[in-house]
Amino acid sequence: MNLSVQLSPRTPRGLLLKNPVMTASGTFGYGTEYADFVDIQRLGAIVCKGTTLEPREGNPQPRLAETPSGLLNSIGLQNIGVEVLVREKATLWASWQVPVIVNIAGESIDDYAKLAARLDGVAGVSGLEVNIGCPNVKSGGMEFGTDPKAAASVTAAVKKASSLPVIVKLTPNVTGIVEIAESVAEAGADALCLINTLRGMAIDVSLRKPSLGNICGGLSGPAIKPVALYMVYEVAGSVKLPIVGCGGIMSAQDALEFIMAGASAVEVGTAQFVNPRALLDVLEGIEDFMRREGVRDISELVGAAR
Ligand SMILES: Cc1cc2nc3c(=O)[nH]c(=O)nc-3n(C[C@H](O)[C@H](O)[C@H](O)COP(=O)(O)O)c2cc1C
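Here we summarise the structure given alongside this text. Quick caveat, the model's predicted, so the values are computed rather than measured.

## Topic: the overall build of the protein chain
And then number 1: The secondary structure content of the protein chain amounts to nine helices and 16 strands.
And then number 2: On C-alpha atoms alone, the protein chain measures out to a radius of gyration of 18 Å, which is about the 19 Å that the 2.2 N^0.38 rule sets for 306 residues.
And then number 3: Within the protein chain, buried positions represent 59% of all 306 residues.
And then number 4: Relative to all contacts within the protein chain whose residues are 6 or more apart in sequence, the contacts with residues 24 or more apart total 71%.
And then number 5: Surface accessibility of the protein chain: about 12,500 Å² in total, with carbon and sulfur atoms responsible for 52%.

If you want it as structure tokens, here you go:
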């Protein structure tokens, strides 16, 4: 069976994954933290925590609140900053088989371009995922993700600054996701990832206060899966780039739904907080399905429900 996926067919180095199962940014640290639970080298790719030019301490606590079938987070892009990442993490990744993709976020187009340029040619970095829609920080790029022109400008700047494959990660907090996707595709993105979290809040009635220190957070988990799935379906109908589907994937069945909607690969996030083996369960479940159904190549399933 062939499970391999090429996420960046147009760049010279490409971004070849041995299978379509990836980690969602912010839920798998830098890959090392999960090494005791998961044979990380079996994964298709690892996407690391959102990275900014300078280190960030993140938002005030509490930063997590459970909701029915979902999780609200307002981490606020806490991260070690790009210099420490290059020095301490990329050097480790360079000896790994599994490709590592660095998720980047900035406050200005210049920030994104500087991050892309700094990561270009760094051993251990196989691609960039451009976050233009973190819902819980002012500097999370949300204003870029909600405007087609701004989204295109960030994409073009990152592409110009780096020869790495570029996946642009879209926010669902928009009226028309197709318009944004088309604009980003036209600006030169190599692949798209959708979706990031949906903006939301919860209130602790005994305290009579919002549950999150930041008031607003990003909703993830099974609650958002139908929304994410339809966005993937819609975008796959109009944009010819590889799509990475993300949002509430808890099982192989969920992952297969995204693939059949048109995603070439999937990212698993919140599921790992419930089941640390979720990534491998998804991978093995896809393999079982292919064996059972006599599917020889995963590409036969991409968009099969369209
Ligand atoms: C705790 C947490 C931290 C996250 N941090 C980031 C981040 O730094 N950058 C990013 O692009 N997305 C981030 N996300 C969004 C996830 O990558 C993913 O898009 C979202 O959670 C939906 O997938 P899921 O339902 O499988 O978790 C974060 C999500 C969670 C739950």
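## A closer look at the sheet that holds strand 14 (residues 217–220)
And then number 1: Taken in spatial order, the four strands make up an open sheet running 5-6-14-11, and their pairing is antiparallel. Strands with a single pairing partner mark the edges of an open sheet, and in this sheet they are strand 5 (64–67) and strand 11 (198–200). Taken pair by pair, the neighbouring strands of this sheet meet at an average axis angle of 35 degrees, ignoring direction.
And then number 2: Here strand 11 pairs with strand 14 via three bridges, running antiparallel. Each residue of the ladder has a partner; that of Arg-199, found in strand 14, is Gly-218.

## Some remarks on a nonpolar patch on the surface
And then number 1: On the surface, a nonpolar cluster with roughly 420 Å² of combined accessible area is contributed by Met-201, Ile-203, Val-205 and Ile-215.
And then number 2: Tracing the backbone shows Met-201 in the loop between strand 11 and strand 12 (203–204).

## As for the site of the ligand
And then number 1: For the ligand, the set of nearby residues contains 23 residues, the closest of which are Ser-25, Lys-169, Gly-221, Gly-248 and Thr-270.
And then number 2: Note that an oxygen atom of the ligand is positioned 2.8 Å from one of the backbone N or O atoms of Gly-221.
And then number 3: Interatomic distance of 2.7 Å between a backbone N/O atom of Gly-248 and an oxygen atom of the ligand.
And then number 4: Here the ligand occupies the largest pocket.

## Overview of the sheet that holds strand 10 (residues 191–194)
And then number 1: The eight strands lie next to each other as 3-16-15-10-9-8-7-4, forming an open sheet whose pairing is parallel. Whereas interior strands pair on both sides, the edge strands pair on one side only; in this sheet they are strand 3 (21–23) and strand 4 (46–47).
And then number 2: Pairing between strand 7 (residues 100–104) and strand 8 (residues 127–131): four bridges, direction parallel. Across the sheet, the residue bridging to Val-102 is Leu-128, located in strand 8.
And then number 3: Of the strands in this sheet, strand 9 (166–170) and strand 10 are in contact with helix 5 (residues 177–186), which crosses strand 9 at around 160 degrees.
And then number 4: Strands in contact with helix 6 (residues 225–236) are strand 10 and strand 15 (243–246); relative to strand 15, the strand with the most contacts, it is inclined by about 165 degrees.

## A closer look at unusual backbone geometry
And then number 1: Across the junction of Gln-61 and Pro-62, the peptide omega takes the value -10 degrees, indicating a cis bond.
And then number 2: Between Leu-194 and Ile-195 the backbone carries a cis peptide bond, its omega angle lying at 20 degrees.
And then number 3: Mapped onto the elements of the fold, Ile-195 is located in the loop between strand 10 and strand 11.
And then number 4: The backbone of Arg-208 sits at a positive phi, close to 55 degrees, despite the residue not being glycine.

Rules behind the numbers
Residues numbered from 1 in each chain as written. Predicted model: local features only at pLDDT ≥ 70, side-chain atom pairs only at ≥ 80, totals over all residues. Heavy atoms only, no water. Helix = DSSP H or I, 4+ residues; strand = E, 2+ residues; numbered from the N terminus. Rg over C-alpha atoms; globule rule 2.2 N^0.38 Å. Buried < 20%, exposed > 50% of the residue type's maximum accessible area, 1.4 Å probe, protein only. Contact = heavy atoms within 4.5 Å. Areas by Shrake-Rupley, 256 points an atom, 1.4 Å probe, with all protein chains shown as cover. Pairing = 2+ DSSP bridges. Axes fitted to C-alpha atoms, helices over the stretch in contact; angles between N-to-C directions. Patch = residues over 30% accessible without salt bridge, like charges linked within 9 Å, V, L, I, M, F, W, Y side chains within 5 Å. Salt bridge = Lys/Arg side-chain N within 4 Å of Asp/Glu carboxyl O. Near = heavy atom within 4 Å. Polar contact = N/O pair within 3.5 Å; in protein donor to acceptor, adjacent residues only side chain to side chain. 1 Å grid on protein atoms, 1.4 Å probe; cavity = no way out; pocket = protein on both sides within 12 Å on 5 of 7 lines; lining within 4 Å. Sits in = over half its atoms within 2 Å of the grid points.

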